[in-house]
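# Secondary and tertiary structure notes
Below are the chains, spelled out letter by letter.
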Amino acid sequence: MVDILEELRAVAAAAVPPWEGELELPGLTEPVEVLRDEHGVPHITAASLEDLLRAQGFVVASERLFQLEFLLRVANGRLSGLLGELALPADRFARTVGWNRAGAAIAAGWDAVSLRMLAAYREGALAWLRSMATPPVEYAILGAQPHLPEDDASWAAASAWMSWNLSGNLDEELVRAEVAERLGPEAVRDLFPGPPADVRFPIAGRRPWPGGLDLLAQAPPRPPGRGSNAWVVAGSRSATGAPLLANDPHLAVLVPSFWFACHLKSPDYEAAGVALPFAPGVVIGRTPHHAWGLTNVGGDTQDLYLERLDADGAAARFRDAWEPLTVHREPIAVRGRDEPEILEVRETRHGPILGAYVVGIAQPEVVEGGVRETYALRWVGASCAIPPVTLVRMARAVDFASFREALRTWDSPGQNVIYADGDGHIGYQCTGRYPIRRGWDGTMPVPGWDGEHEWSGWIPFEELPWDADPAEGFLATANNRIHDDGYPHLIGVDWTPPSRIRRIAELLATAPVHTVETFAAMQVDVVSIPARELAAVLAAIEPADERQARALALLRGWDGELGRDSAAACLYAAWCHRIAERTLRPALGDALFTHAYGRATSTGRWRAQTLPHLLAHPSPRWFGEGGEAARDDVLRRALDDALDELEARLGADPSRWRWGDLHRAVFASPLAAVPGLGELLSAGVVALGGDDDTVLQGAYEPERRYEAVVVPSCRQIHDLSTPDGSSLVHPPGQSGHPGSPAWADLLGAWAGGERIPLPISEEAVRAVGRHRQVLRPTG
């Protein structure tokens, strides 16, 4: 095995692309300069937009080819062609939901400019594949050859896949339906409560329906999923006199990073920030004039329809007629088989009929046959995404009004977009398509046959929430509800609990004027408001013995700070989990418990809303007969469970417990699980503070205990007083090659809350440049 590992190390080193010298890039009209900093972040300058994007595709593929192919295979349901039968459940799910068919519909709807942009980027990536000296080491491990598709639909499918991952609320509809069937509607209300009535927090979207002082009193929960933080202060609240903007999107722990940092410049387009591996342009970042950040809206863009089929399963009832189903014949190539597997996907007027769902995020699992009813899925992202030209229009904006207009075509996934410019203005715009539902709210599956639950168009862009230059001097969004009770439309119901937005508001209020340093400290803040409030309630119970008394002392007076060295954080997390085991599992059963809580990608709702509600209103369903006495007995037994677990894992002395010993982010390639390859394909392990409720995101799957699986995938801070006032970091590094110096060189900076500069001016770019490369036309 040692010899094989050394051979793979040699392949990994040989696959690292050159950062200097000259290379030919077919299709260029003029030479392109690529100037990289010490971390491999490229500053690409070209004579035209198409040359720029062709070079971007070439550079990204040189660092991320295996990731690029892998993501395109996932999105198109073609992973089995690379990995064999192991990937068949994932491919069947992808083909059933139809990300590949969505890609075709999306590409067909894009204008000529977007298609030329995509083609230039794709041709650049293909040019690298055809000219590289050595493929990435993953191909040697798998015994495969690189392959990228050459059609628009396959690449647009990656946008559909991205949209799916940021969409809601399929999971919550399934959970609600199952809970209602098993335990009744009162149990649904118990598990999906809103926050206490006195919870107040800021929102970004005040217009077009004002809501007092930008404060709300209610915010129902949203499905477990990914989140983000973004906030901006006006120049009146900035030490530089110009706006400051911060953004950290939260995504799964991935190696390589989901993002690719870059600075792109041509005569008619310039932006610096982060890009997606499969798409042209900069998604989050800045121009010399303005900057923007994103958080997921979490609106309801999915609905499940319970269908009535005829005896042959060939037609679905709609009103007074039977409508024939559309059948999609999906051939799936499987490595090791001579013939493809044929999947027939049946589709009603509402969408494909489902037979499976996905749980988990660290190692997602497709539960085939898990959907017991005949449900068809309607989903906004089946026909629209973000046209590449939208990113160009955003960068070309000259003020917030033109920036808002550029966002009109940001269709899916819906994002909260915050804005700041060098002229001193700040703003916010909700983007995306949200269906108009008349007389129903989308929280539960609905009859597909009665004609009473059809979508009635989209909420007009002009009527989506927005705001500009508020008197308070700041705007913030953290996946919380974005409108007040006076808003006339239904964007969604399942919003993220307001834990992070409340803490961001607290921190913004601590100083009248902020700096880049105070923003950086906010991004790594690990104080949980739910922990602070819930610990006080839990610590008030009467202990059963001296061991419990010592444990409760850890929580009394605790400020809710889940630092890496905190013993109280260990007890809080373990106790909350064991309470869920004692209350939810017996009532829900193992399978539903896993789907609703154990493998959920967020436990924030449980700690911030559900558990406080259950403790305040103890019912026999969850605690047994006996009211508060029965509740306290369950809490004491759960406390013993938690202490047993912590003592087994961390030792008998609570003073030596460290949250970071339990709560770690493991950065490793999926192939690192192959025996003997962990050393080669692991980027590092970070002891992490925080949890799902803190500004520093660290969500974990409870059934797999406390390993962080959702983290800040990138942090950016932009000082609009200068074009060179931006910085960012994304873990673990720029390159997907384990033999590259940029494989994991940013992980330490990320773990320490630090960033690297991202300048824009020519003078500053040349000052950070360490490696110059020129891409030349062929011939």
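Residues numbered from 1 in each chain as written. Predicted model: local features only at pLDDT ≥ 70, side-chain atom pairs only at ≥ 80, totals over all residues. Heavy atoms only, no water.

Across its full length, the chain holds 25 helices and 33 strands. Against the compact-globule benchmark of 28 Å for 779 residues, the chain has a radius of gyration of 26 Å, which places it among compact chains. Taken along the three principal axes of its C-alpha coordinates, the chain extends 85 × 70 × 65 Å. Expressed as a percentage of the 779 residues in the chain, the buried residues total 62%. A separation threshold of at least 6 residues defines the contact pool for the chain, and within that pool the share at least 24 residues apart is 72%. (Helix = DSSP H or I, 4+ residues; strand = E, 2+ residues; numbered from the N terminus. Rg over C-alpha atoms; globule rule 2.2 N^0.38 Å. Buried < 20%, exposed > 50% of the residue type's maximum accessible area, 1.4 Å probe, protein only. Contact = heavy atoms within 4.5 Å.)

Side chains Phe474 and Ala476 of strand 25 (residues 474–477) all project onto a buried face; the interleaved residues Leu475 and Thr477 project onto the opposite face, where all are buried too. Bridge analysis of strand 6 (residues 228–233) against strand 25 gives four bridges, and the strand direction is antiparallel. Bridging across to strand 25, Trp231 finds its partner in Ala476. (Pairing = 2+ DSSP bridges.)

Our next topic: helix 16 (residues 546–555). All of the buried residues along helix 16 are Gln548, Ala551, Leu552 and Leu555. Projected onto a plane normal to the axis of helix 16, the buried residues spread over an arc of 100° and lie on a single side. Along its buried surface, helix 16 packs onto helix 15 (529–538), helix 17 (567–588) and helix 21 (627–650). Its side-chain oxygen 3.2 Å from the backbone nitrogen of Arg547, Asp545 forms the N-cap of helix 16. With its phi angle positive at about 80°, Gly557 sits one or two positions after the end of helix 16. (Arc of directions from axis to C-beta. Polar contact = N/O pair within 3.5 Å; in protein donor to acceptor, adjacent residues only side chain to side chain.)

It is worth spelling out unusual backbone geometry at this point. Cis peptide bonds are those with omega within 30 degrees of zero, and the linkage from Ser412 to Pro413 qualifies with 5°. Structurally, the position occupied by Pro413 is in the loop between helix 12 (400–406) and strand 21 (415–421). In this model, Arg319 sits at a positive phi of 55°, which is unusual for a non-glycine residue. You can see Arg319 is positioned in the loop between strand 13 (315–318) and strand 14 (321–324).

One open sheet holds the three strands; their spatial order is 20-12-23, and the pairing between them is mixed. Only two strands of the sheet have a single neighbouring strand rather than two, namely strand 20 (375–379) and strand 23 (446–447). The pairing of strand 12 (residues 302–306) with strand 20 spans five bridges and is classified as antiparallel. Within strand 20, the residue paired with Leu306 across the bridge is Tyr375. On the sheet, helix 9 (residues 170–183) packs against strand 12 and strand 20 and is oriented at approximately 40° with respect to strand 12. (Axes fitted to C-alpha atoms, helices over the stretch in contact; angles between N-to-C directions.)

All chains considered together, the criterion is met by 51 salt bridges. Of the charged contacts in the structure, one is a salt bridge between Arg408 and Glu405, with a shortest N-O distance of 2.9 Å. Arg408 sits in the partly exposed class, given a relative accessible area of 33%. A relative accessible area of 45% places Glu405 in the partly exposed class. We note a salt bridge from Glu462 to Arg408, for which the minimum N-O separation is 2.7 Å. Note that Glu462 is positioned in the loop between strand 23 and strand 24 (466–468) and Arg408 in the loop between helix 12 and strand 21, a separation of 54 residues in sequence. (Salt bridge = Lys/Arg side-chain N within 4 Å of Asp/Glu carboxyl O.)

Attention now goes to the packing of helix 16 against helix 21. Angle between the axes and distance between the axes: these two values describe a pair of packed helices. Relative to each other, helix 16 and helix 21 sit at 80°, their axes nearing to 11 Å. Here helix 16 is positioned roughly perpendicular relative to helix 21, judged by the angle of their axes. Counted together, Arg547, Gln548, Ala551 and Leu552 of helix 16 and Arg636, Leu639, Asp640, Leu643, Asp644 and Glu647 of helix 21 form the full contact between these two elements. Taken together, the residues that form the contact of helix 16 with helix 21 break down as four nonpolar, one polar and five charged. (Parallel < 35°, antiparallel > 145°, perpendicular 65-115°, else oblique. Nonpolar A, V, L, I, M, F, W, Y, C, P; charged D, E, K, R; others polar.)

We now examine the packing of aromatic side chains. Scanning all chains against the criterion turns up 24 aromatic pairs. Following the ring pairs from residue to residue traces out a cluster consisting of Phe93, Trp99, Trp164 and Trp379. Just above the ring of Phe192 sits the side chain of Arg176; from NZ or CZ to the centre is 4.4 Å. In this structure, Arg437 is placed above the aromatic ring of Trp440, and the distance from its NZ or CZ to the ring centre is 5.5 Å. (Phe/Tyr/Trp six-rings, centres within 6.5 Å; stacked < 30°, edge-to-face > 60°. Lys NZ or Arg CZ within 6 Å of the ring centre and 35° of its normal.)

Before going further, it helps to spend a moment on the confidence of the model for the chain. Across the chain, the average pLDDT comes to 92, with 93% of residues at 70 or higher. Predicted confidence is poor over residues 206–225, with pLDDT under 50, and the contacts of this stretch with residues over four places away or in other chains come to 90 contacts. (pLDDT = per-residue confidence, 0-100.)

Right, let's talk about the environment of Pro435 for a bit. Following the sequence through the fold, Pro435 ends up in the loop between strand 22 (426–430) and strand 23. Once you skip the residues sitting within four places of it in the chain, Pro435 turns out to touch Asp300, Val380, Trp455, Gly457, Trp458 and Leu490.

Glancing now at the sheet that holds strand 17 (residues 351–352). Here we have three strands laid out as an open sheet, ordered 15-16-17, and antiparallel in their pairing. In this open sheet, the two strands that pair with only one neighbour each are strand 15 (326–332) and strand 17. Contacting strand 15, strand 16 (341–348) and strand 17, helix 4 (residues 88–97) runs over the sheet at an angle of about 35° to strand 16. The strands that helix 5 (residues 99–109) touches are strand 15, strand 16 and strand 17; relative to strand 15, the one it contacts most, it runs at about 110°.

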